[in-house]
Amino acid sequence: MEDGELNLTFAALADPTRRAILAHLARGEATVNVLAGPFEMSLQAVSRHLKVLEGAGLITRGRDAQFRPRSFREAPLRGAANWIEHIREAWRQGMEAASEQPGEQPSEQQGTAPPVSAFATRGEWAR
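Residue numbers run consecutively from 1 along every chain, following the written order of its sequence. This being a predicted model, a pLDDT of at least 70 is required before a residue's local features are given, and a value of 80 or more before pairs of side-chain atoms are given or counted; all residues contribute to the totals for chains, interfaces and linings. Side-chain measures here rest on the full set of heavy atoms in the structure, leaving out hydrogens and waters.

Draft legend 1. Structural view of the pattern of salt bridges. For this analysis, a salt bridge means a side-chain nitrogen from Lys or Arg found within 4 Å of a carboxyl oxygen belonging to Asp or Glu. Applying the stated criterion to the full structure yields seven salt bridges. The residue Arg 78 makes a salt bridge to Glu 74 at a minimum N-O spacing of 3.5 Å. Burial classification: accessible surface area is computed with a 1.4 Å probe over protein chains only, and a residue below 20% of its type maximum counts as buried, one above 50% as exposed, and the rest as partly exposed. Overall, the relative accessible area of 42% leaves Arg 78 in the partly exposed class. A relative accessible area of 46% means that Glu 74 is categorised as partly exposed. For the salt bridge of Glu 85 with Arg 88, the shortest nitrogen-to-oxygen distance reads 2.7 Å. Residue Glu 85 and its partner Arg 88 are both found in helix α5 (residues 75-100); the two are separated by three residues, about one turn of the helix. By relative accessible area, which is 38% here, Glu 85 ends up partly exposed. Within the structure, one salt-bridge network assembled from shared partners comprises Glu 85, Arg 88, Glu 89, Arg 92 and Glu 96. Segments assigned H or I by DSSP are reported as helices when at least four residues long, segments assigned E as strands when at least two residues long, and all are numbered from the N terminus.

The structure is reproduced here in structure tokens:
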């Protein structure tokens, strides 16, 4: 998954309304009217959330006569989950390497971070 796609996925998931919409669509397709039901906002506001989700590739818009049902797409979410797993594994390896060093043993339960060298620098984040 490219950085741009990953950024769009995380940006779309950052909003609780969009996460709730995705949770609904994970159970099956739905129209804007159905998706708007649980929210105290206009159909236009819900449509803007749907555009963000579509732009991130997390949902698709179908066509059924005059209706435009939305459907969940797993691929971008799977890509984000893979990225998270990659980072978690790097963190785990850093914790193991730190615990093999003589001296004080860091504890995951105490929230001790692995060596800084296991992570990108702030300058690398901006790229």
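On we go.
Draft legend 2. Focus on the nonpolar core. Residues grouped as a nonpolar core are buried Ala, Val, Leu, Ile, Met, Phe, Trp, Tyr and Cys residues, joined through side-chain atoms within 4.5 Å. Within the largest apolar cluster, 16 residues are counted, with the highest numbers of intra-cluster contacts made by Ile 21, Leu 50, Leu 53 and Leu 58. Elements supplying a minimum of two residues to this core: α1 (3-13), α2 (16-25), α3 (32-36) and α4 (43-55). Those residues within four positions of Leu 53 in sequence are excluded, and the remaining contacts are Ala 12, Arg 18, Ile 21, Leu 22, Leu 58 and Ile 59. Residues count as neighbours in contact if any of their non-hydrogen atoms are within 4.5 Å of one another.

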